[in-house]
Amino acid sequence: MGRFLCSKKDKRIAGGSFRLIMALKKISSRHKQALLLRMQGLNYEQIAEQLGVGVSTVENWFYRDATFRDAFEQFKQQYIDEITKTARERMQSAADQAM
């Protein structure tokens, strides 16, 4: 039976995804919504309005709630990695088509 081999990079990405999933499991669905809205570029006031909470509540989530902050950092890194990967693939595809 063959062994499944993957690169160190693949293991690092898989480990990052696992950490992200575990971090997101620790926060509420409302917090997850706040993360998504923040990554879409909304500011704290806009997030508060969307979720029907006070601005100070949203600020507390991002600044004082350690579990939420950890999940946000994991989410942000994964989001950035995915965007970077997609951009790289599109650039490569465009370069291949130009040749």
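Draft legend 1. Expanded view of helix H3 (residues 44–51). Those residues of H3 not exposed but buried are Tyr 44, Ile 47, Ala 48 and Leu 51. Within H3, the buried residues cover an arc of 100° as seen down the axis, which keeps them to one side. Set apart from the buried face of H3 by more than 90 degrees, the exposed residues are Glu 49 and Gln 50. Looking at the buried side of H3, the elements it contacts are helix H2 (29–39) and helix H4 (55–63). After H3 finishes, the residue Gly 52 shows a positive phi value of roughly 70°.

Draft legend 2. Up close: the packing of aromatic side chains. Evaluated as defined, the whole model comprises two aromatic pairs. Aromatic pair Tyr 44 and Phe 62: ring centres 5.1 Å apart, planes at 35°, arrangement tilted. Here Tyr 44, found in helix H3, pairs with Phe 62, found in helix H4; they are 18 residues apart in sequence, far enough to count as distant. Geometrically, the ring pair formed by Tyr 44 and Tyr 63 is edge-to-face, given 5.9 Å between the ring centres and 80° between the ring planes.

About the cut-offs
Residues numbered from 1 in each chain as written. Predicted model: local features only at pLDDT ≥ 70, side-chain atom pairs only at ≥ 80, totals over all residues. Heavy atoms only, no water. Buried < 20%, exposed > 50% of the residue type's maximum accessible area, 1.4 Å probe, protein only. Helix = DSSP H or I, 4+ residues; strand = E, 2+ residues; numbered from the N terminus. Arc of directions from axis to C-beta. Contact = heavy atoms within 4.5 Å. Phe/Tyr/Trp six-rings, centres within 6.5 Å; stacked < 30°, edge-to-face > 60°.

Nothing here speaks to function; it is all geometry.
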